[in-house]
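# Structural characterization, general
Now for the letters of each chain:
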Amino acid sequence: MENRRESIIREISYTGLATHRTRDTEELLAACQDVGCFYLSLCPDKEGRLFEMADKISSSADSFFGRPLSEKLGWEMDTWGSLRNGGYKAVGKHTGAAHGKRDGFENFLVPFDSLQAGVNSQAARAFPAEIEAIRSTLEQFESHCDTISTTILAALSAQLRSCSSALEASHRKDEPSTTTLAIMKYPITSELDPGNFGHMAHTDVGSLTLLFTSFPGLEVFASDEWMPVAPRKHCIVINVGDTLSFMSTLALKSCIHRVVPLPLQNAQPRFSLAFFKRPELDSLFKDDKGRAWRGIDWHLAKYSVFREENGVQQQTSLLTGRTGFLGHVTV
């Protein structure tokens with residue numbers, strides 16, 4: 001039987017959105033207004049290959065993750081470039097999902113622009129051999145994800161009356177942005193791990209997140225409680241991020257979410273891919289306090305808070321949209 005708390009997470013047909021079916025576009029708007037999170041069902045005959053590509057990408061990246069830490073740090077994300085959207089992040093770089101603990105995952109970020117010749121100067125940066133070996137797959141995968149994102153943005157634009165211009169107009173694929181693919185691995189840890197604990201509660205910095213995973217652990221904060229978002233066959237999970245909420249003049253809800261460790265008896269490595277669709281670097285919008293931002297400036301301000309300790313994070317609303325709320329798991 002379906003968990004009652006999960007029932008508020010709607011499932012929406014991508015085919016319905018792509019063909020402008022009214023029922024699906026209306027459901028999309030409701031999902032983005034109520035929770036800011038929904039399942040997007042993909043047609044196995046049309047988009048099913050995305051799941052195969054996701055598995056191939058995770059498998060190849062796992063070979064990179066198996067390298068000694070000293071080697072992986074040669075691609076450390078803070079030295080990759082000024083945009084903070086490419087390279088390697090080690091386990092424990094950020095705070096975790098429980099007070100005083102560090103995060104429990106490592107990832108490698110593959111910037112969308114780095115796969116598109118001529119869009120961004122960072123395109124010349126070399127990938128590790130294990131990532132370079134699947135460049136063609138990455139190009140296809142990120143291109144498909146970008147198409148899905150644009151379809152969602154266009155469907156929302158058609159439903160909203162609060163936007164002064166089409167949302168997709170600030171998300172053109174041939175203009176520089178911090179859009180990126182995160183290849184994530186949660187090594188074997190559990191809720192009893194003394195040092196590392198999941199992924200901190202936060203809202204996403206960009207516009208849309210497309211999550212591919214077959215592992216549990218994701219939770220969203222809705223109706224003042226945390227609820228699990230279990231993997232669902234033929235579906236990906238979509239989260240609304242900050243900039244999409246701002247560009248809609250807060251008509252759409254930026255989703256607070258976190259990732260929690262598995263119980264000890266289910267402890268195993270977990271993999272996921274997250275495609276972060278973000279606005280163009282020079283896109284303009286106002287936040288929930290009326291302050292004007294460019295896309296790149298919001299991105300860097302938010303990432304600076306990711307780097308801070310709990311005491312500093314608690315003093316600002318940038319992390320979760322709520323000052324003083326870190327959404328920690330009680331352990």
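Attention here is on the structure that accompanies the text.

Each value, and the rule that gives it
Residues numbered from 1 in each chain as written. Predicted model: local features only at pLDDT ≥ 70, side-chain atom pairs only at ≥ 80, totals over all residues. Heavy atoms only, no water. Helix = DSSP H or I, 4+ residues; strand = E, 2+ residues; numbered from the N terminus. Rg over C-alpha atoms; globule rule 2.2 N^0.38 Å. Contact = heavy atoms within 4.5 Å. Areas by Shrake-Rupley, 256 points an atom, 1.4 Å probe, with all protein chains shown as cover. Lys, Arg positive; Asp, Glu negative; His and termini not counted. Charge placed at Lys NZ, Arg CZ, Asp CG, Glu CD. Core = buried A, V, L, I, M, F, W, Y, C linked by side-chain atoms within 4.5 Å. Buried < 20%, exposed > 50% of the residue type's maximum accessible area, 1.4 Å probe, protein only. Pairing = 2+ DSSP bridges. Axes fitted to C-alpha atoms, helices over the stretch in contact; angles between N-to-C directions. Salt bridge = Lys/Arg side-chain N within 4 Å of Asp/Glu carboxyl O. 1 Å grid on protein atoms, 1.4 Å probe; cavity = no way out; pocket = protein on both sides within 12 Å on 5 of 7 lines; lining within 4 Å. Points joined across faces, edges and corners; volume = space filled by probe spheres on them. Nonpolar A, V, L, I, M, F, W, Y, C, P; charged D, E, K, R; others polar.

Each helix and strand in the chain was counted, giving ten helices and 14 strands. Over its C-alpha trace the chain gives a radius of gyration of 18 Å, about what one expects of a compact globule, namely 20 Å for 331 residues. Across its three principal directions, the C-alpha atoms of the chain cover 50 × 45 × 45 Å. The contacts of the chain with a sequence gap of at least 6 include a subset with a gap of at least 24, amounting to 75%. Counting every atom, the chain has about 13800 Å² of accessible surface; 51% of that belongs to carbon and sulfur. Mean positive and mean negative side-chain charge positions of the chain (35 and 40 charges, respectively) differ by 2 Å.

L40, F108, F141 and I152 are the most contacted members of the largest nonpolar core, which totals 86 residues. Per element, the largest residue contribution to this core is eight residues, and it comes from helix α7 (residues 135–159). Core analysis: the next-biggest nonpolar cluster, separate from the first, contains five residues, A98, F197, V260 and V329 among them.

Turning to the environment of P187, a few remarks are in order. Turning to its location among the elements, P187 is positioned in the loop between β5 (180–186) and β6 (199–202). Spatially, the C-alpha atoms of P187 and V237 are 22 Å apart, while their sequence positions differ by 50 residues. If we skip the residues at most four places from it in the chain, P187 touches V91, G104, F105, E106, Q268 and P269.

With that settled, the discussion passes to the sheet that holds strand β2 (residues 37–41). Taken together, eight strands build an open sheet; the order of strands is β1-β2-β10-β7-β12-β5-β4-β3 and the sheet is mixed. Of all strands in the sheet, those with a lone pairing partner are β1 (11–13) and β3 (87–89), marking the two edges. For this sheet, the mean inter-axis angle between neighbouring strands, taken without regard to orientation, is 25°. Two strands pair when backbone bridges link them, and β2 and strand β10 (residues 235–240) are joined in this way by five bridges, in the antiparallel orientation. Counterpart to L40 in the pairing with β10 is I236. Of the strands in this sheet, β3, β4 (106–111), β5, β7 (208–213), β10 and β12 (270–277) are in contact with helix α3 (residues 49–65), which crosses β5 at around 65°. Running over the sheet, α7 touches β2, β4, β5, β7, β10 and β12 and is turned about 130° from β7.

Among the five residues of strand β8 (residues 218–222), five are classified as buried, and the element is accordingly described as predominantly covered. Where β8 lies against strand β11 (residues 257–259), three bridges are found, and the strand directions are antiparallel. Paired with L218 across the strands is V259, a residue of β11. Sheet analysis places β8 next to strand β9 (residues 225–228), joined by four bridges and oriented antiparallel. Bridging across to β9, F221 finds its partner in W226.

Using the criterion set out here, one finds 23 salt bridges in the structure. D34 is the partner of R10 in a salt bridge, and the nearest nitrogen-oxygen pair spans 3.2 Å. With R10 in the segment before β1 and D34 in helix α2 (residues 22–34), this pair connects stretches of sequence that are 24 residues apart. Judged by relative accessible area, R10 falls into the partly exposed class, the value being 22%. Linked by salt bridges that have partners in common, E76, D78, R84, K93 and R307 make up one network.

The volume enclosed by the largest pocket comes to roughly 360 Å³. What lines the largest pocket is a set of 24 residues, and nearest its centre among them are T203, S254, D288, T320 and G321. Secondary structure elements with two or more residues in the lining of the largest pocket: β8, α8 (242–247) and α9 (295–306). Top contributing element to the lining of the largest pocket by residue count: α8, with three residues. Its residues assigned to classes, the lining of the largest pocket comprises eight nonpolar, seven polar and nine charged. Approximately 290 Å³ is the volume found for the second largest pocket. If you trace the second largest pocket, you find 16 residues lining it, with F51, D55, F212, T213 and S214 closest to the centre. For the lining of the second largest pocket, the secondary structure elements donating two or more residues are α3, β7 and β12. Ranked by the residues each element gives to the lining of the second largest pocket, the list is headed by α3, at four residues.

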